[in-house]
Every structure is written in structure tokens, then in C-alpha cells.
Amino acid sequence: MKNVIIYTGPFCNYCDAAKRLLTRNNAPFKEIDIATVEGAMDEMIKKANGKRTIPQIFFGDEHIGGYDEVRALEKENKLQEILK
């Protein structure tokens with residue numbers, strides 16, 4: 001299974017929903033809180049090609065996007081395949 005990294009922030013309902021979705025799909029993830037980890041926001045923006053919204057989700061080195069994109073993959077039954 002690919003390493004999953006999710007950049008999150010405080011009081012973010014979409015971040016919470018994304019974490020629940022990943023957990024529901026048995027996808028362990030590393031969470032990086034951009035509010036508490038020094039330099040994490042700059043790192044996220046660079047890796048996400050300038051995107052500043054949270055969450056930003058990565059499967060391995062591949063930028064997936066935010067909650068909406070991951071939810072769409074789940075609805076299309078493509079999430080498990082991409083995680084392999």
C-alpha cells in the first residue's frame with residue numbers, strides 16, 4: 001500500500017472528513033498539521049503546485065487533491081486500486 005500523507009489544519013471539517021474516509025478504507029496515513037509543524041505549509045504549497053487549501057492529500061509522490069477528489073475516487077470504486 002502506498003504511503004498516504006494528509007496536510008491538515010485546526011477546525012477543518014474537510015480534514016476530519018478526509019481522515020474518516022481514509023480510515024474507513026483501511027488506508028493508514030501520516031497527518032501533518034500545517035498550524036503546528038514548522039515549515040509544513042510551505043512544503044505543502046510546493047508539493048501541491050501552489051494549492052493553499054487544506055486538506056491536501058498525497059498517495060506516495062502523487063498529489064491527489066483534497067477531500068472532494070478522494071471522495072470522488074471512493075464513489076467511483078477507484079480508491080483501493082490507486083492505494084495499491
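Residues numbered from 1 in each chain as written. Predicted model: local features only at pLDDT ≥ 70, side-chain atom pairs only at ≥ 80, totals over all residues. Heavy atoms only, no water.

1. Examining the pattern of salt bridges
Note the cut-off: Definition used for salt bridges: Asp or Glu carboxyl oxygen within 4 Å of a side-chain nitrogen of Lys or Arg. Numbering of helices and strands runs from the N terminus; a helix is a DSSP stretch of H or I covering at least four residues, while a strand is a stretch of E covering at least two. Exposed residues in this analysis have more than 50% of their type's maximum accessible area, buried residues have under 20%, and partly exposed residues fall in between, with area computed by a 1.4 Å probe over protein chains only.
Scanning all chains against the criterion turns up 7 salt bridges. Linking Glu-31 and Lys-19 is a salt bridge whose minimum nitrogen-to-oxygen distance equals 3.1 Å. On the criterion of sequence distance, the pair formed by Glu-31 in strand β2 (residues 29-33) and Lys-19 in helix α1 (residues 13-24) is long-range, its members being 12 residues apart. On the basis of relative accessible area, Glu-31 is assigned to the partly exposed category, the value being 38%. Ionic pairing is found between Glu-76 and Lys-78, a salt bridge with its closest N-O pair at 3.5 Å. A residue is classified by how much of its surface remains accessible, and Glu-76, at 46% relative accessible area, is partly exposed. One network of salt bridges, with partners in common, ties together Asp-16, Lys-19 and Glu-31.

2. Looking at the sheet that holds strand β1 (residues 4-8)
Heads up, the rule is: When DSSP finds two or more bridges between two strands, those strands count as paired. Orientation is described by lines fitted to C-alpha atoms, with helices fitted over the stretch in contact, and by angles between N-to-C directions that extend from 0 to 180 degrees. Should any heavy atoms of two residues lie within 4.5 Å, those residues are considered in contact.
Strand order in the open sheet formed by 4 strands is β2-β1-β3-β4, and the pairing between neighbours is mixed. The open sheet has two free edges, formed respectively by β2 and β4 (62-65), since each of these has just one partner strand. Averaged over neighbouring strand pairs, the angle between their axes works out to 25 degrees when direction is ignored. The strands touched by helix α2 (residues 40-47) within the sheet are β1, β2, β3 (56-59) and β4, with β1 carrying the most contacts at an inclination of about 120 degrees. The strands touched by helix α3 (residues 67-75) within the sheet are β3 and β4, with β4 carrying the most contacts at an inclination of about 95 degrees.

3. Examining α2
Spelled out, the test is: Arc, as used here, means the arc of the directions from the helix axis to the C-beta atoms.
Listing the buried residues of α2 in full gives Ala-40, Met-44 and Ile-45. One side of α2 carries all its buried residues, which in axial view fall inside an arc of 135 degrees. Facing away from the buried side of α2 by more than 90 degrees, the exposed set consists of Asp-42 and Lys-46. Buried residues along α2 sit in contact with β1, β2 and β3.

4. Thoughts on the state of the cysteines
Basically, it comes down to this: For this text, the term disulfide refers to a pair of cysteine sulfurs within 2.5 Å.
Here the structure, examined in full by the defined rule, presents 1 disulfide. Here Cys-12 connects covalently by a disulfide to Cys-15, the sulfurs 2.4 Å from one another. The sign of the 80 degrees torsion about the S-S bond sets the Cys-12-Cys-15 disulfide as right-handed. With relative accessibility at 9%, the residue Cys-12 sits in the buried group.

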